[in-house]
Amino acid sequence: MKRMMTLALLMILHSSFFALHTAAQKFALVDMDYIFKNIPAYERANEQLSQVSRKWQAEVDALSTEAQTMYKNYQNEVVFLSAEQKKARQDAIMEKEKQAAELKRKYFGPEGELFKKRTSLMSPIQEEVYNAVKDIADLRGYQLVLDRASDQGIIFGSPKIDISNEVLRKLGYSN
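My aim in this report is to walk through the structure given alongside it, one point at a time. In this text the structure is predicted, and so the values were computed from the model without any measurement. (Residues numbered from 1 in each chain as written. Predicted model: local features only at pLDDT ≥ 70, side-chain atom pairs only at ≥ 80, totals over all residues. Heavy atoms only, no water.)

**Some details on the packing of helix H3 (residues 40–77) against helix H4 (residues 83–108)**
So, step 1. It is the contact of H3 with H4, at a shortest axis distance of 9 Å, that shows an interaxial angle of 165 degrees. Between H3 and H4, the interaxial angle falls into the category roughly antiparallel. In terms of crossing hand, the pair formed by H3 and H4 is left-handed.
So, step 2. Here the residues of the contact of H3 with H4 sort into 13 nonpolar, six polar and eight charged. (Axes fitted to C-alpha atoms, helices over the stretch in contact; angles between N-to-C directions. Helix = DSSP H or I, 4+ residues; strand = E, 2+ residues; numbered from the N terminus. Parallel < 35°, antiparallel > 145°, perpendicular 65-115°, else oblique. Left-handed = near helix turned anticlockwise from the far one by under 90°. Nonpolar A, V, L, I, M, F, W, Y, C, P; charged D, E, K, R; others polar.)

Next comes the structure, spelled out in structure tokens:
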């Protein structure tokens, strides 16, 4: 019986210590989408990326259209062409398709121009927001700050712990 009482007392003490330790941790939420939408430089950068993306896509589309036109013309004239002319036309069509694919890769590939441009435009803004979040977390003693916008496992977040507006104020964008 004495062992049971000691064991029960140890379990109570352990759970009390765990509850105190857990309660001491502080958490906060931010909504990165909301923050970025309220930063004019971020919106301008997005618009600039959209414009350059449309321009580059038009260039790729023009080459693809040219290759399709060449192919249609080839199909219409194939019966009148010699073997050498067929081969030359096929090679020209394949070369045009290759140029379109290379241009698309150059602009839109994983290490393409759009990726580089996005990195150069967005990284400074994202770094500034990260530093503001970190400063507020350090100031307030938050051990964890979660992004509400990422939808990765947050079922509910109290608006009381959302520091998005505070981050915007720290960055100089009040609302």
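Moving on from the coordinates now.
**Some words on the packing of helix H5 (residues 113–140) against helix H6 (residues 164–171)**
So, step 1. At a minimum axis distance of 9 Å, the contact between H5 and H6 shows a crossing angle of 115 degrees. By the criterion of interaxial angle, the relationship of H5 to H6 is roughly perpendicular. The handedness of the crossing between H5 and H6 comes out as right-handed. Residues Glu128, Val129, Ala132, Val133, Asp135, Ile136 and Arg140 of H5 pack against Glu166, Val167, Lys170 and Leu171 of H6.
So, step 2. Its residues assigned to classes, the contact of H5 with H6 comprises six nonpolar, no polar and five charged. (Contact = heavy atoms within 4.5 Å.)

**Topic: the environment of alanine 132**
So, step 1. Topologically, alanine 132 is positioned in helix H5.
So, step 2. The buried category is assigned to alanine 132, whose relative accessible area is 4%.
So, step 3. Remark: the alpha-carbon pair of alanine 132 and arginine 169, spanning 37 residues in sequence, is separated by 9.5 Å.
So, step 4. Ignoring anything within four residues of it in the chain, the contact list for alanine 132 reads Val167, Lys170 and Leu171. (Buried < 20%, exposed > 50% of the residue type's maximum accessible area, 1.4 Å probe, protein only.)

**What to know about the nonpolar core**
So, step 1. Counting 29 residues, the largest nonpolar core has Val30, Ile35, Phe36, Ile39, Val129, Ile163 and Val167 as the members making the most contacts within it.
So, step 2. Elements that contribute at least two residues to this core include exactly strand S1 (27–30), helix H2 (32–37), H3, H4, H5 and H6.
So, step 3. In this structure, phenylalanine 36 is in contact with Tyr42, Glu43, Ile125, Gln126 and Val129, ignoring residues within four places of it in sequence. (Core = buried A, V, L, I, M, F, W, Y, C linked by side-chain atoms within 4.5 Å.)

**Focus on the packing of aromatic side chains**
So, step 1. Applying the stated criterion across every chain, the model contains three aromatic pairs.
So, step 2. Ring geometry for phenylalanine 36 against tyrosine 42: centres 4.2 Å apart, planes inclined by 15 degrees, an arrangement best described as stacked. Here the two residues phenylalanine 36 and tyrosine 42 agree in accessibility, since each one is buried.
So, step 3. Aromatic side chains tryptophan 56 and tyrosine 107 sit 4.5 Å apart centroid to centroid with 5 degrees between the ring planes, which places their arrangement in the stacked category. (Phe/Tyr/Trp six-rings, centres within 6.5 Å; stacked < 30°, edge-to-face > 60°.)

**What to know about the side chain of lysine 96**
So, step 1. Here lysine 96 lies in helix H4.
So, step 2. Each residue touching lysine 96, except ones within four places of it in the same chain, is listed here: Leu63, Glu66, Ala67 and Met70.

Nothing here speaks to function; it is geometry throughout.
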